Amino acid sequence: VAHYIQRSLVTKLFTFGTQAAAICRHVPELCNGSYSEHNALLDDLLHVLSEGDVVLVKGSRGMRLELIVDGVVHALQPKS
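All figures in this text were calculated on a predicted structure; none of them were measured in a lab.

What follows deals with the nonpolar core. If you look at the biggest cluster of nonpolar residues, it comprises 10 residues: Phe14, Phe16, Tyr35, Leu41, Leu42, Leu45, Leu49, Leu65, Ile68 and Val72. Looking at which element gives the most residues to this core, the answer is helix α3 (residues 38–48), with 3 residues. Residues within four places of Leu41 in sequence aside, it is in contact with Phe14, Phe16, Tyr35 and Ile68. Of all hydrophobic cores here, the second largest spans 6 residues; its members include Ala2, Ile5, Leu13 and Cys24.

Below, the structure written as C-alpha coordinates:
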(Lines give C-alpha, C1' and ligand atoms only; values in the text may rest on other atoms or scores of the structure.)
Protein backbone atom coordinates (compact mmCIF):
# COMPACT_ATOMS: atom_id res chain seq x y z
CA VAL A 1 0.00 0.00 0.00
CA ALA A 2 2.81 2.41 0.88
CA HIS A 3 4.48 1.75 -2.48
CA TYR A 4 1.22 2.55 -4.32
CA ILE A 5 0.73 5.73 -2.27
CA GLN A 6 4.22 6.95 -3.15
CA ARG A 7 3.43 6.59 -6.85
CA SER A 8 -0.02 8.18 -6.62
CA LEU A 9 -1.33 11.73 -6.39
CA VAL A 10 -1.90 11.42 -2.65
CA THR A 11 -0.73 14.56 -0.86
CA LYS A 12 -1.82 13.85 2.70
CA LEU A 13 -2.18 10.56 4.53
CA PHE A 14 -3.98 9.82 7.77
CA THR A 15 -4.16 6.25 9.05
CA PHE A 16 -6.36 4.65 11.67
CA GLY A 17 -5.49 1.58 13.71
CA THR A 18 -2.31 -0.20 14.68
CA GLN A 19 -1.91 -2.16 11.47
CA ALA A 20 -2.29 0.90 9.25
CA ALA A 21 0.34 2.77 11.28
CA ALA A 22 2.98 0.81 9.36
CA ILE A 23 1.93 2.61 6.19
CA CYS A 24 2.81 5.95 7.76
CA ARG A 25 6.22 4.65 8.77
CA HIS A 26 6.93 3.84 5.11
CA VAL A 27 5.78 7.19 3.71
CA PRO A 28 6.56 9.70 6.47
CA GLU A 29 6.74 12.57 3.98
CA LEU A 30 2.99 12.18 3.33
CA CYS A 31 1.80 11.07 6.74
CA ASN A 32 -0.15 13.57 8.81
CA GLY A 33 -0.62 11.09 11.62
CA SER A 34 -1.69 7.65 12.68
CA TYR A 35 -4.70 7.50 14.96
CA SER A 36 -6.43 5.15 17.36
CA GLU A 37 -9.28 7.50 18.36
CA HIS A 38 -11.99 8.65 15.97
CA ASN A 39 -12.38 12.13 17.47
CA ALA A 40 -8.67 12.91 17.24
CA LEU A 41 -8.56 11.84 13.59
CA LEU A 42 -11.69 13.81 12.73
CA ASP A 43 -10.43 16.97 14.43
CA ASP A 44 -7.06 16.87 12.66
CA LEU A 45 -8.62 15.98 9.31
CA LEU A 46 -11.04 18.90 9.49
CA HIS A 47 -8.12 21.28 10.09
CA VAL A 48 -6.45 20.39 6.78
CA LEU A 49 -9.42 19.87 4.46
CA SER A 50 -10.15 22.51 1.85
CA GLU A 51 -12.98 22.90 -0.62
CA GLY A 52 -12.46 20.56 -3.56
CA ASP A 53 -10.34 18.04 -1.68
CA VAL A 54 -10.94 14.38 -2.40
CA VAL A 55 -10.89 12.03 0.58
CA LEU A 56 -10.63 8.25 0.40
CA VAL A 57 -11.77 6.43 3.53
CA LYS A 58 -10.81 2.75 3.57
CA GLY A 59 -11.23 0.31 6.41
CA SER A 60 -13.11 -2.71 7.64
CA ARG A 61 -16.58 -2.34 9.13
CA GLY A 62 -15.10 -3.04 12.54
CA MET A 63 -13.03 0.14 12.33
CA ARG A 64 -16.26 2.20 12.32
CA LEU A 65 -14.81 4.76 9.92
CA GLU A 66 -18.34 5.84 9.02
CA LEU A 67 -17.95 8.04 12.11
CA ILE A 68 -15.24 9.95 10.26
CA VAL A 69 -17.28 10.22 7.06
CA ASP A 70 -20.37 11.38 8.95
CA GLY A 71 -18.30 13.91 10.91
CA VAL A 72 -16.71 15.38 7.78
CA VAL A 73 -20.04 15.58 5.93
CA HIS A 74 -21.72 17.22 8.90
CA ALA A 75 -18.90 19.73 9.44
CA LEU A 76 -18.76 20.75 5.79
CA GLN A 77 -22.51 21.14 5.18
CA PRO A 78 -23.56 24.71 4.54
CA LYS A 79 -25.04 26.29 7.65
CA SER A 80 -28.59 27.52 7.18
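Before going further, it helps to spend a moment on unusual backbone geometry. Backbone geometry places Arg64, a non-glycine residue, at a positive phi of 60 degrees. With respect to the helices, strands and loops of the structure, Arg64 is situated in the loop between α3 and α4 (66–76). With relative accessibility at 44%, the residue Arg64 sits in the partly exposed group.

Scanning the model with the defined rule gives 1 salt bridge in all. Where Arg61 meets Glu66, a salt bridge forms, and the shortest distance between an N and an O atom there is 3.3 Å. Arg61 gets classed as exposed once you look at its relative accessible area, which sits at 66%. Take Glu66: its relative accessible area is 28%, and that puts it in the partly exposed class.

This part is about α3. When we look at burial in α3, the residues that qualify are His38, Leu41, Leu42 and Leu45. When α3 is viewed along its axis, its buried side chains cluster within an angular range of 95 degrees and face the same direction. Exposed residues pointing more than 90 degrees away from the buried face of α3 are listed as Asn39 and His47. Here the buried face of α3 lies against β1 (13–16), β2 (31–35) and α4.

Scoring rules and cut-offs
Residues numbered from 1 in each chain as written. Predicted model: local features only at pLDDT ≥ 70, side-chain atom pairs only at ≥ 80, totals over all residues. Heavy atoms only, no water. Core = buried A, V, L, I, M, F, W, Y, C linked by side-chain atoms within 4.5 Å. Buried < 20%, exposed > 50% of the residue type's maximum accessible area, 1.4 Å probe, protein only. Helix = DSSP H or I, 4+ residues; strand = E, 2+ residues; numbered from the N terminus. Contact = heavy atoms within 4.5 Å. Salt bridge = Lys/Arg side-chain N within 4 Å of Asp/Glu carboxyl O. Arc of directions from axis to C-beta.

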